Amino acid sequence: MKERLEQMKCRVRDREHKSLRQDVKLDICEECEAEELSWPRRMARITEKMCEAERPVILPDEQIVFTRTVKGVPGAPMPKDVQARLDAEGKRTGWGAGNICCDWGMPLSQGLLGRREVAERTRHRLANDADAVEFLDAAIQTIDAVLGLVARYAEEARKQGRDDLVAILEQVPARPPRTFHQALQSHRFMHAAVWMSGSVHVGLGRLDQYMWPYLKADLDAGRLTTEQAEELLAEFFIGLNKDTDLYPGVQQGDNGQSLMLGGVTREGNDAVNPLTWMVLRVSHDVNMIDPKINLRVNRNTDIDLLTEAARLTRRGLGFPQYANDEVVIPGLAAHGYDLEDARDYTVAACWEFIIPGRGMDAPGAGAMSFPAATDKAIREGLAAGDTFEQILERTRLNIRQQVQAHVNRWKRSTVGVPAPYYSVLMTDCLEQGRDVTDGGAKYYNHGIHGAGSSNAVDALAAVKKFVFTEQSVAPDELLRALAANFENDEPLRQKLFNEGPKLGNDDSVNSLLTVLFDLFAEACEEIQDNGRGGIVRAGTGTAMYYIWLAKKPEEGDMAEPGVGATADGRHAGDFFSSSLAPSPGVKVRGPISILQAFSNIDYQRVCNGGPITMELSDTVFRDEEAVRKVAMLVRTFAMLGCQQLQLNTLNVKVLQDAKQHPERHRDLIVRVWGWSGYFCELDEPYQDHIIARHSFAL
Amino acid sequence: MGIVFDIKEFAVHDGPGIRTTVFLKGCPLRCAWCHNPEGFSPEPQVMTGPAGTRTVGQTYSSDELAARLNQLAEVLQANEGGVTFSGGEPLLQAGFVAEVIDRLDHLHVLLDTCGHASEQDFRLVVSRSDLVFYDLKLMNPVEHRRWTGADNTKILRNLDVLSGMDVPFVVRVPLVPGVTDTDENVAAVAERIRGLPGLRRVDLLPYNKGAGGKYKACGMDFRPSYDESAKPRVNPAPFEGAGIEVHVR
Ligand code: SF4
């Protein structure tokens with residue numbers, strides 16, 4: 001990377017731009033009430049106030065500008081009449097637009113003025129529809145606010161004698177970009193303004209698709225070299241890391257700036273282009289947490305492209321994350337998505353499949369705890385003298401009960417908070433005169449994470465083997481041990497944990513995984529309406545629920561049930577695995593067996609997303625040949641019909657934790673020399689040696 | 001029946017493509033730098049590490065082991081890979097290994113051997129392999145005995161057998177500081193293998209501190225009499241001079 005960019009990156013890492021932030025705290029509550037603004041107008045007021053309060057920042061070496069200087073986004077109170085209506089209906093507050101993805105190519109190609117014209121036309125057409133008019137006026141207000149901010153940036157550029165920037169800012173985001181550079185600058189403003197409107201988890205979608213026409217035109221015309229294009233893209237990526245501390249999430253970095261590469265076009269043709277490759281290369285060089293890269297693959301994806309992606313994996317950033325088109329597209333189609341839309345999928349913040357511009361899905365709307373469902377079934381079933389089949393039947397009912405409890409909770413919040421600015425950037429909202437949270441989008445489905453599946457499978461498998469088949473553990477012996485968190489039963493716990501069949505090392509349990517996810521899918525399919533005219537999608541992710549759902553029932557402060565000690569030999573309070581991975585601490589056969597195990601899920605019915613999560617030691621990537629083998633592993637993932645894959649390269653933190661808590665990392669393999677060993681079987685000096693080596697690896 | 005101390009999936013450094021490596025338990029040599037002490041004894045044994053104890057050494061019938069390997073056949077074949085037999089020394093269980101290979105589902109077979117075996121055993125397995133990794137440690141028989149516990153007569157004889165068998169092979173030389181990495185030894189290896197039919201290349205494996213990691217867990221002491229912290233000398237010149245392709249791993 002160029003020195004200019006290295007310096008820019010350092011400044012962002014050191015958060016130097018924080019000193020540019022203003023000490024203002026915006027509050028619009030009073031004026032909203034005093035002016036008796038409608039709800040859409042209140043939300044538009046947020047965008048407007050934020051844009052007005054911004055102070056233009058143009059640093060000498062910047063080619064793509066915008067730095068946020070106003071920290072907090074003010075809230076707007078719900079109008080009294082809306083509140084009264086909700087109270088009367090016994091409903092809670094509304095839900096907002098977030099964790100979705102704009103139809104980026106569309107507003108880019110039309111420019112915000114183009115969008116404004118669309119709004120004007122619809123307003124004229126729907127002049128008698130008061131709600132539509134109010135929404136469209138609010139949307140126009142946000143467009144004007146953003147353009148006002150850009151005008152002040154242009155003024156500042158003029159003051160600084162930056163004619164290059166003046167020319168760009170006079171063109172975009174108001175009008176369609178004429179160059180790749182302009183397209184990136186346009187995107188920067190449009191995207192930042194979504195955050196400034198109070199929305200969170202603002203996805204970046206299929207960047208290699210919507211940006212490619214601009215880049216291609218520049219390259220074809222000889223206006224830009226590949227090297228120059230990479231420099232611009234790098235600056236754009238660094239910019240995405242600038243304001244992330246202002247973006248709310250569970251942890252910093254949890255901001256939904258995910259980007260999707262590759263796959264097929266809406267017509268079904270191969271969508272990989274030179275920009276796909278370029279993003280992988282530039283992301284590798286920039287080496288920062290944003291944007292988070294995803295790559296769509298199939299069994300025939302060019303192995304060289306997968307190798308380029310594996311090089312990025314080697315960086316240890318935990319991306320790219322892979323999605324298998326051969327599984328995801330038919331899965332979405334089976335869930336009622338139009339085929340063209342299904343082909344256009346991207347991911348929401350983490351991994352949930354959504355449609356850019358058209359989806360107002362809420363794909364991470366809670367979790368179903370498999371361990372809670374099976375544990376309750378096991379405890380009650382054993383106490384009642386059930387057969388194993390009867391325990392499965394209880395599991396079915398428990399899963400169903402959890403899913404229905406969720407849906408009932410959602411149904412209490414059926415009013416969407418208006419999002420006039422977000423709607424400007426969505427496919428048909430202005431065209432229809434409807435806000436994205438009020439019917440302007442095409443899809444309003446929900447998704448539930450199916451969390452902790454491996455521990456649940458292992459628990460069922462242990463009961464089946466020891467209580468029913470071998471009859472080496474008496475039901476009340478197990479019940480007592482579970483109730484006491486194995487306090488006086490360490491030998492029994494060891495037996496359950498070490499000798500029980502486990503997902504990832506014993507294929508006989510794979511069918512239980514299929515059964516559990518089928519039950520989950522069945523429970524979701526039963527729901528006709530999620531309260532927003534959508535369906536409910538079953539998923540395989542966990543998000544933070546692998547920690548939250550592991551809490552004991554009495555410690556739980558969530559809607560989802562907690563769970564105590566479980567029959568797989570897990571102590572109460574121990575974490576589950578993140579998304580799809582063998583239970584923590586289980587010694588598995590290896591990556592191929594893990595892929596094979598998780599290929600047993602029926603992804604046509606379980607299509608919300610949630611990756612198989614694997615950690616590779618960074619010593620795996622010793623040479624180019626090995627990097628190519630990681631690419632082959634990804635191809636294998638596609639070949640086996642799995643849905644989504646996240647490969648993490650191990651870093652020093654994990655190793656240090658493994659040293660402190662070897663029991664949690666029994667499976668951690670490290671390369672020491674021409675050989676590999678289990679990290680936890682190495683003597684301390686060797687562990688330290690490896691940790692030291694990893695500390696120096698960058 | 002055979003005894004195995006580990007089966008490693010997705011072994012990326014043990015030959016071409018995606019491979020599964022089977023580590024067979026028991027070795028006739030005792031190299032001072034050996035990093036797999038659990039491979040010495042042909043019996044099951046208990047290893048005790050910070051994570052607890054586990055028994056190392058699982059017995060398999062040839063049917064069982066072949067079934068386990070065949071399970072991944074489709075994946076291994078699709079990825080230019082196969083199965084690697086390593087150890088310990090796989091030829092110590094030559095009959096068993098041959099039986100397993102005969103039961104494999106058309107999988108590419110790589111034999112990783114130290115060569116210290118009877119000619120009969122050697123031929124039995126090599127004739128069933130697609131590629132051989134052949135270790136050459138020291139050319140001087142006295143030195144060889146001093147550092148590995150046996151002289152190299154059988155190894156050098158089997159090297160000639162190998163080059164007459166029409167199975168491609170790679171010679172692998174561990175570079176242990178002050179022991180095998182001397183110019184004299186390296187030149188002697190190069191001279192010995194120059195022009196051998198079937199030789200594809202030489203892999204030089206520089207010693208990296210850390211070979212002793214598993215000794216304590218096996219209840220053994222690791223007291224190398226070479227300088228563990230010295231950097232091994234990596235000198236590919238004699239091989240290049242002999243017209244042999246060299247990789248440093
Ligand atoms: S031949 Fe290999 S396995 Fe046997 S002792 Fe020597 S290094 Fe160890």
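What you are looking at is a predicted structure, and each value in this text was computed from that prediction instead of being measured. (Residues numbered from 1 in each chain as written. Chains lettered and ligands numbered in written order. Predicted model: local features only at pLDDT ≥ 70, side-chain atom pairs only at ≥ 80, totals over all residues. Heavy atoms only, no water.)

Asks: Could you give me a rundown of the pairing of strand β2 (residues 19–24) of chain B, with the residues and numbers involved?
Replies: Residues and elements named next belong to chain B. Burial analysis of β2 places six of its six residues in the buried class, which makes it a mostly covered element. Across the two faces of β2 the burial is the same, with Arg19, Thr21 and Phe23 and Thr20, Val22 and Leu24 all buried. Taken together, the four bridges between strand β1 (residues 2–8) and β2 define a ladder with antiparallel strand orientation. Of the residues in β2, the one forming a bridge with Ile7 is Val22. (Buried < 20%, exposed > 50% of the residue type's maximum accessible area, 1.4 Å probe, protein only. Helix = DSSP H or I, 4+ residues; strand = E, 2+ residues; numbered from the N terminus. Pairing = 2+ DSSP bridges.)

Asks: Any chance you could break down the packing of aromatic side chains for me, citing the residues and the numbers?
Replies: Here the structure, examined in full by the defined rule, presents 17 aromatic pairs over all chains. When the centroid spacing of 6.1 Å and the interplanar angle of 55° are considered together, the rings of B:Trp147 and B:Tyr226 count as tilted. Of this pair, B:Trp147 sits in helix α5 (residues 141–148) while B:Tyr226 sits in the loop between β10 (199–206) and α8 (237–241); the two residues are 79 residues apart in sequence, bridging distant segments of the chain. Here B:Trp147 matches B:Tyr226 in class, with each residue buried. Three or more aromatic residues link up through ring pairs in this structure, and these residues are A:Phe66, A:Tyr153 and A:Phe189. Sitting over the face of the ring of A:Tyr345, A:Arg296 holds its NZ or CZ atom 4.0 Å from the ring centroid. (Phe/Tyr/Trp six-rings, centres within 6.5 Å; stacked < 30°, edge-to-face > 60°. Lys NZ or Arg CZ within 6 Å of the ring centre and 35° of its normal.)

Asks: Tell me about the interface of chain B and chain A, and please be specific about residues and values.
Replies: Facing 41 residues of chain B, the contacting portion of chain A comprises 38 residues. For the pair chain B and chain A, the summed buried area comes to about 3600 Å², and 56% of that belongs to carbon and sulfur atoms. In terms of surface lost to chain A, no three residues of chain B exceed B:Glu9, B:Phe10 and B:His13, which account for 18% of the buried area on that side. Counting every contact that joins chain B to chain A gives three salt bridges. Of the charged contacts, one joins B:Arg249 and A:Glu625 as a salt bridge, the two residues approaching to 3.6 Å between their closest N and O atoms. (Contact = heavy atoms within 4.5 Å. Buried area = accessible area lost by both parts, 1.4 Å probe. Salt bridge = Lys/Arg side-chain N within 4 Å of Asp/Glu carboxyl O.)

Asks: Please set out the packing of helix α5 (residues 105–125) of chain A against helix α6 (residues 130–159) of chain A residue by residue, giving values where relevant.
Replies: Residue and element names in this part refer to chain A. At their nearest, the axes of α5 and α6 sit 10 Å apart, and the two run at 160° to each other. Taken together, the axes of α5 and α6 lie roughly antiparallel to each other. For the pair α5 and α6, the crossing hand works out as left-handed. On α6, the residues touching Leu112, Leu113, Arg115, Arg116, Ala119, Glu120, Thr122 and Arg123 of α5 are Val133, Leu136, Asp137, Ile140, Ile143, Asp144, Val146 and Leu147. (Axes fitted to C-alpha atoms, helices over the stretch in contact; angles between N-to-C directions. Parallel < 35°, antiparallel > 145°, perpendicular 65-115°, else oblique. Left-handed = near helix turned anticlockwise from the far one by under 90°.)

Asks: Would you mind going over the side chain of A:Thr301 in detail, with residue names and values included?
Replies: Relative to the elements of secondary structure, A:Thr301 occurs in the loop between β4 (292–297) and α13 (303–314). Judged by relative accessible area, which is 12%, A:Thr301 ranks as buried.

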